[in-house]
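Structure assessment
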Amino acid sequence: MRHILSLLLENESGALSRVAGLFSARGYNIEALSVAPTEDPTLSRMTIVTSGSDDVIEQITKQLNKLIDVVKVFDLNEGRYIERELMLVKIRAEGTDREEIKRTADIFRGRVIDVTDRTYTIELTGPRDKLDAFLEAIDSSLILETVRTGASGIGRGEWILRV
Amino acid sequence: MRLTGAEIAIQCLVEENVPYVFGYPGGAVLHIYDALFNQDKVRHILVRHEQAALHAADAYARATGRPGVALVTSGPGVTNAVTGIATAYMDSIPMVIISGQVPTPAIGLDAFQEVDTVGITRPCVKHNFLVKHVDELASTMKKAFYVATSGRPGPVLVDIPKDVSQHITEFDYPKSVSMRSYNPVNKGHTGQIKKAVQMLMEAKRPMIYVGGGAILGDASHLVTKLVKDLGYPCTNTLMGLGAFPATDPQFVGMLGMHGTYEANLAMQHCDVLLAVGARFDDRVIGNPQHFYVEGRRIIHIDIDPSSISKRVRVDVPIVGNIIDVLNEMLKLVEESPVSVDALALKQWWQQINTWRERQCLKYTNSTEIIKPQYVIEKLYEATQGDAIVTSDVGQHQMWAAQYYKFDKPRRWLNSGGLGTMGFGLPAAMGAQLAFPDMPVACVTGEASIQMCIQELSTCKQYHLPVKIVNLNNRYLGMVRQWQEILHGNRYSESYMDALPDFVKLAESYGHVGMRIENPADVEGALKEAFSLKDRVVFLDFLTDQTENVFPMVKAGAGLTEMLLGAEDL
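Description of the structure in this document. (Residues numbered from 1 in each chain as written. Chains lettered and ligands numbered in written order. Predicted model: local features only at pLDDT ≥ 70, side-chain atom pairs only at ≥ 80, totals over all residues. Heavy atoms only, no water.)

**Here's the deal with the overall build of chain B**
To be explicit about the condition: Labels follow the DSSP assignment, with helices taken as runs of H or I lasting at least four residues and strands as runs of E lasting at least two, numbered in each case from the N terminus. Throughout, radius of gyration means the C-alpha value; the globule benchmark is 2.2 Å times the number of residues raised to the power 0.38. Think of it in three bands: residues with accessible area under 20% of the maximum for their type are buried, residues over 50% are exposed, and the middle band is partly exposed, with areas taken using a 1.4 Å probe on protein chains only. Working rule for contacts: check all heavy atoms of both residues, and any pair within 4.5 Å makes them a contact. Counting rule applied: Lys, Arg positive; Asp, Glu negative; His and chain ends not counted. Charge placement uses NZ in Lys and CZ in Arg. For Asp and Glu, CG and CD serve respectively.
Helices and strands together make up the secondary structure of chain B, namely 22 helices and 22 strands. A globule of 569 residues ought to have a C-alpha radius of gyration of about 25 Å, and chain B, at 24 Å, matches this closely. Dimensions of chain B, computed from C-alpha atoms along their principal axes, come out at roughly 70 × 60 × 40 Å. Burial statistics for chain B: of 569 residues in total, 61% are counted as buried. Sequence-distant contacts, at least 24 apart, represent 77% of the contacts inside chain B between residues at least 6 apart. Between the averaged position of the 51 positive side-chain charges in chain B and that of its 60 negative side-chain charges there is a distance of 4 Å.

In structure tokens form, the structure reads like this:
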């Protein structure tokens, strides 16, 4: 099953490689990983999208907790949460395609953030499924480039992850 | 007090009451060696290869319970040390390793003797640090000792660039350390402990399975009290030998791949299993699917939550410091309104005793050729069972574990997790330094000993009178055994040809060498060797080349699918 793990870790060089190294050394899946400093510059917040049986996820969280640089680990799937991912997609937009692509972007609440006479670059946020659905709605031969950040996740309401 | 980084590094060792540093100098650690030269509190032991520095410091830790300290230079110094670091990591040994690094401005420029030490060692340390500024050095050293020795222990490496060891700052060793990201648990969950005790008291066929954690946690006396109070059978893992005394009638022998028939069967057929500081690893329980028994309940005490339910699902996990947990359990056992089911226990012991009658460790001795098992039995007698025994890895290791009856913890030092050939001799040095007056025997084979044989020189320099018991069968014995049993007798590269004359070799280092070819001479040679209290003695026993270690559970097989002897092949 797909799980989103949220981590707070020391914002120190090497912390990221400890987490990434753990996943590769123990053969855990890693679908996406994003990390950036928080409002407290000594801490980074990392979101990892992984998958595995309940036993594997339990081991992953335990092993992550064991890393000295990891301050806290939350499995967002244990409660209600919101997930968002940012995608930038550059699309060949010429002739009649231009109007069609713009319309599709509007339906997905995407924004055109760069335009040339032959391309559109569209910014889209949402859960993974929505971004996938947008890409499926566009003729794949027109897609020139996609950049995705990987998911960021946060618990709903009073469910707060902090030190 | 204003000191250089190098002086600070040494002062930190003084503050931590570190008596010995095992190491090897080189360019990046020259300042640190200079600081060592100018003091007399910390004694440096110069090994002949960095791997040996790590093993010796590791064994010092295993024998004493105090953290072992090693000091190596950058680049090849570190890469040579990696085997020793990984050995300590796999067996959860508290160590602090100081490594030199190229100066900070040169890092990343492929400087002479530069490697990414933090990167290379990351997967085999509990934690590591690169000290980028001299102001961080003292606090980092404090953290290193704290992390290495608390929680589940392990090696911690501190990488010090050469310029950092040269720079000067005010030295102030922190009294305490707190890390928001590292808070090892101590007390176990009281509710879980109650549940465990109730389960134990109600057991009809109980079994207590004790691992290296009981020794690392200095809880042997509590384990022994619990087993004795309850009257239950007890087995120790390879790493747990000595946690419960081997000569006690309630001890059913070591379990696992080369464990006893009775221990393995009792593991499988018990109805309540208490695991203490053990981790159900592949060499201990074999195939986890086969190990699973409907209805058997498992209680698991461990300080590391990630050890729990890793290979085997358990019913009552207890995460905590073993001393605290066992003390609480002992109290509850004493106060328990129910007493153990004496009748069921009697029947269970009858069953175990029937298994014991198989005498799975019996071997046919010979008057013609030396049997390796016989050597270990005579070693046990010659040392009155009271020596520190180190070993390398292979058949000799298993025979030592099976036939030397360890009654006390921290007497059996071997590389159980990583299985590092070359561990034995440097480990014996570390143990001998820790206990200068105790007999120290290194049980080894002619293949393993050659992996760190250069340390005979270190033994000479520091007057470390270890006794080397070389079970010389002219084969990589365990490899040969597997090839015989699993690879149709195709002995691919497992012979040891062109062996040195070990007697002359020992003599060339200034030691005593003995070659023993006749079974009748085994006892006398061992007695003579241990009477030479101030000499290193290399006992080269020419043993039976065809002898195999039994019982044996093939890799991947179930714990009860044992080969008991040649007749089972």
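**So, the interface of chain A and chain B**
Applied cut-off: Two parts placed together each lose some accessible area; with a 1.4 Å probe, that loss summed over both constitutes the buried area. By convention in these notes, a salt bridge is any Lys or Arg side-chain nitrogen within 4 Å of a carboxyl oxygen on Asp or Glu. By the criterion applied in these results, polar contacts are pairs of N or O atoms within 3.5 Å in which, for protein atoms, one can donate a hydrogen and the other can accept it, and in which residues neighboring in sequence qualify only through two side-chain atoms. For this classification, Asp, Glu, Lys and Arg are treated as charged, while Ala, Val, Leu, Ile, Met, Phe, Trp, Tyr, Cys and Pro are nonpolar and the rest, including Gly, are polar.
Counting residues at the interface gives 20 residues for chain A, matched by 19 residues for chain B. Overall, the association of chain A and chain B removes approximately 1600 Å² of surface from exposure, summing both partners, and the carbon and sulfur fraction of that is 43%. Viewed at the interface, chain B and chain A are joined by five salt bridges. Between Glu58(A) and Arg313(B) there is a salt bridge, with its nearest N and O atoms 2.9 Å apart. Applying the counting rule to chain A against chain B returns 13 residue pairs in polar contact (both at pLDDT 80 or more). Looking at the side of chain A that touches chain B, the elements that each hand over two or more residues are α1 (15-25), α2 (54-66) and β4 (70-75) of chain A. By residue number, the principal contributor to the side of chain A that touches chain B is α2(A), which donates six residues. In terms of residue class, the side of chain A that touches chain B is made up of six nonpolar, six polar and eight charged.

**Brief notes about the packing of helix α10 (residues 220-230) of chain B against helix α14 (residues 322-335) of chain B**
Residues and elements named next belong to chain B. Filter applied, for reference: Helix axes are fitted to C-alpha atoms over the stretch in contact, other axes to C-alpha atoms as well, and angles between N-to-C directions run from 0 to 180 degrees. Throughout, the term roughly parallel applies to angles under 35 degrees, roughly antiparallel to angles over 145, roughly perpendicular to angles from 65 to 115, and oblique to all others. By the definition used in this description, the sense in which the near helix is turned from the far one sets the handedness, with an anticlockwise turn below a right angle giving left-handed and a clockwise turn giving right-handed.
Where α10 contacts α14, the axes come no closer than 10 Å and their chain directions differ by 20°. In terms of orientation, α10 and α14 fall into the roughly parallel class. Note on packing geometry: the crossing formed by α10 with α14 is left-handed. Contact with α10, carried on its side by Leu222, Val223, Lys225, Leu226, Asp229 and Leu230, involves Ile323, Leu326, Asn327, Leu330 and Val333 of α14 and no other residues of that element. Among the residues forming the contact of α10 with α14, the class breakdown is eight nonpolar, one polar and two charged.

**Overview of empty space enclosed by the protein**
Space left empty within the atom packing is revealed by a probe, the size of a water molecule, rolled over the atoms. Residue and element names in this part refer to chain B. Applicable threshold: Both site types are read off a 1 Å grid over the protein atoms alone. A 1.4 Å probe that fits but cannot get out defines a cavity, while an open set with protein on both sides within 12 Å along at least five of seven lines defines a pocket; lining residues have an atom within 4 Å of a point. Grid points are joined across faces, edges and corners, and a volume is the space filled by probe spheres set on the points.
Taken as a whole and assessed by the stated rule, the structure comprises one cavity of 30 Å³ or more. Lining the largest cavity are 13 residues, with Met257, Asp282, Gly286, Val553 and Lys554 positioned closest to its centre. Of all the elements, helix α12 (residues 282-285) adds the most residues to the lining of the largest cavity, at four residues. Each residue belonging to the lining of the largest cavity can be placed in one class, and the counts come to seven nonpolar, three polar and three charged.

**Focus: the pairing of strand β7 (residues 155-161) of chain B**
Residue and element names in this part refer to chain B. Quick reminder of the rule: We treat two strands as partners when DSSP finds at least two bridges between them. Throughout, right-handed denotes a crossover for which the path from the first strand over the helix to the second runs clockwise when the strands point away from the viewer.
Along β7, seven of the seven residues are buried, which leaves the element largely enclosed by surrounding structure. Taking every second residue as pointing to the same face, both faces of β7 are buried, with Pro155, Leu157, Asp159 and Pro161 on one and Val156, Val158 and Ile160 on the other. Of the pairings in the sheet, the one linking strand β5 (residues 95-101) to β7 comprises seven bridges and is parallel in character. Paired with Ile98 across the strands is Val158, a residue of β7. As paired strands, strand β6 (residues 127-130) and β7 are joined by four bridges and run parallel to one another. Each bridged residue has a counterpart across the sheet, and for His127 the counterpart in β7 is Val156. Chirality of the crossover, the property in question, places the unit of β6, helix α6 (residues 137-149) and β7 among those that are right-handed.

**Concerning the environment of Ala275(B)**
Residues and elements named next belong to chain B. Mapped onto the elements of the fold, Ala275 is located in strand β12 (residues 272-276). In this structure, the C-alpha to C-alpha distance between Ala275 and Lys460, residues 185 residues apart in sequence, is 43 Å. Residues contacting Ala275, with those up to four places away along its chain left out, are Tyr209, Phe280, Ile299, His300 and Ile301.

**Section: the environment of Ile45(B)**
All names here are of chain B. By secondary structure assignment, the location of Ile45 is in strand β3 (residues 43-46). Ile45 gets classed as buried once you look at its relative accessible area, which sits at 0%. Separated by 33 residues in the primary sequence, Ile45 and Val78 have C-alpha atoms spaced 17 Å apart. With residues up to four places along the chain from it excluded, the contact list for Ile45 reads Tyr20, Val21, Phe22, Gly23, Leu433, Thr458 and Tyr462.

**Remarks on the layout of surface pockets**
Each pocket or cavity is described by its volume, and for the second largest pocket that value is around 680 Å³. Glu12(A), Ser13(A), Asn128(B), Phe129(B) and Leu130(B) are, among the 32 residues lining the second largest pocket, the residues nearest its centre. Within the residue set of the lining of the second largest pocket, elements represented by two or more residues are α1 of chain A together with α5 (117-121), β6 and α6 of chain B. A total of four residues in the lining of the second largest pocket trace back to one element, the largest contributor, which is β6(B). Across the lining of the second largest pocket, the residue classes tally to eight nonpolar, 12 polar and 12 charged.

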